[in-house]
Amino acid sequence: MSRSLNAGSGTFGSTSTSLLERVKAQDPEAWGRFTRLYTPLLYSWCRRFELTGEDTADVLQEVFRAVHAGIERFRSDRPGDTFRGWLWTITKSKIRDHFRSRQGTPEAEGGTQAYQQLQDIPDSPPADDSSQAASPTGCLAHRALELMKVDFQEPTWQAFWKTAVEHRSPAEVAEELGMSVATVYQAKSRVLRRLRQELAGLDDG
């Protein structure tokens, strides 16, 4: 007998709006998910400029503090406005603050090097982190999926993962999981729809 899909686990109902909207509403659970979602990207940005692990942690703390204080003012209604660009502006500022604080130190401790690194910080986000679209293989989306997994029952998740990520045929997956092909399609659609909703306003740029 083929399985039908029931609603996901208890947290799914609380994520019916986008993550950005929930963070703006000062939802503590959403903020925790947001920081887990973006820490790897911000970490990679910081490490590009040869910050130590300790320095990176300090910069990230300052970035998240600034984001938390200012996210309600983020807007995307003007040409060129993207959340990723806004986040890079904050990160860039905090990285520059870090290097400015080191400019007065002796050269052996990085004074002259800090000045050069300060000059090397680009105005735009690093170009090769561009796979942010809400597809299962996008960098940001893949991280979001890891965090969203608990929002779905295991059969739903397996049907989605095997078709959307492993690129297996719905018929093959349906036979393996004891579902109808229609149910497999429904599972895939449900997770992808939730992913797009979760990343609304975050996956641009």
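Overview of the structure.

The rules behind the values
Residues numbered from 1 in each chain as written. Predicted model: local features only at pLDDT ≥ 70, side-chain atom pairs only at ≥ 80, totals over all residues. Heavy atoms only, no water. Helix = DSSP H or I, 4+ residues; strand = E, 2+ residues; numbered from the N terminus. Buried < 20%, exposed > 50% of the residue type's maximum accessible area, 1.4 Å probe, protein only. Contact = heavy atoms within 4.5 Å. Areas by Shrake-Rupley, 256 points an atom, 1.4 Å probe, with all protein chains shown as cover. Salt bridge = Lys/Arg side-chain N within 4 Å of Asp/Glu carboxyl O.

**Quick look at the overall build of the chain**
Counting secondary structure elements, the chain contains nine helices and zero strands. Relative to its 205 residues, the chain shows a buried fraction of 42%. Counting only contacts in the chain whose residues sit at least 6 apart along the sequence, the fraction spanning at least 24 positions is 69%. When the accessible surface of the chain is summed, it comes to about 10600 Å², and 50% of that surface belongs to carbon and sulfur atoms.

**Here's the deal with the pattern of salt bridges**
For the structure shown, the criterion picks out eleven salt bridges. Across the pair glutamate 198 and arginine 33 runs a salt bridge, and its minimum N-O distance is 3.0 Å. Of the two residues, glutamate 198 sits in helix H9 (residues 181-198) while arginine 33 sits in helix H2 (residues 28-47), which places them 165 residues apart along the sequence. By relative accessible area, glutamate 198 is classed as buried at 1%. Its salt-bridge partner being arginine 168, residue glutamate 166 comes within 3.7 Å of it at the nearest N-O pair. Accessibility expressed as a relative area gives 40% for glutamate 166, which makes it partly exposed. Here the salt bridges do not stand alone but share partners, grouping Arg22, Arg33, Asp151, Arg194 and Glu198 into one network.

**Notes on the side chain of histidine 98**
By the element assignment, histidine 98 lies in helix H4 (residues 83-102). Given the relative accessible area of 13%, histidine 98 is considered buried. Residue contacts for histidine 98: discarding those within four places in its chain leaves Leu51, Asp55 and Val59.

These values are about where atoms sit, not about what they do.
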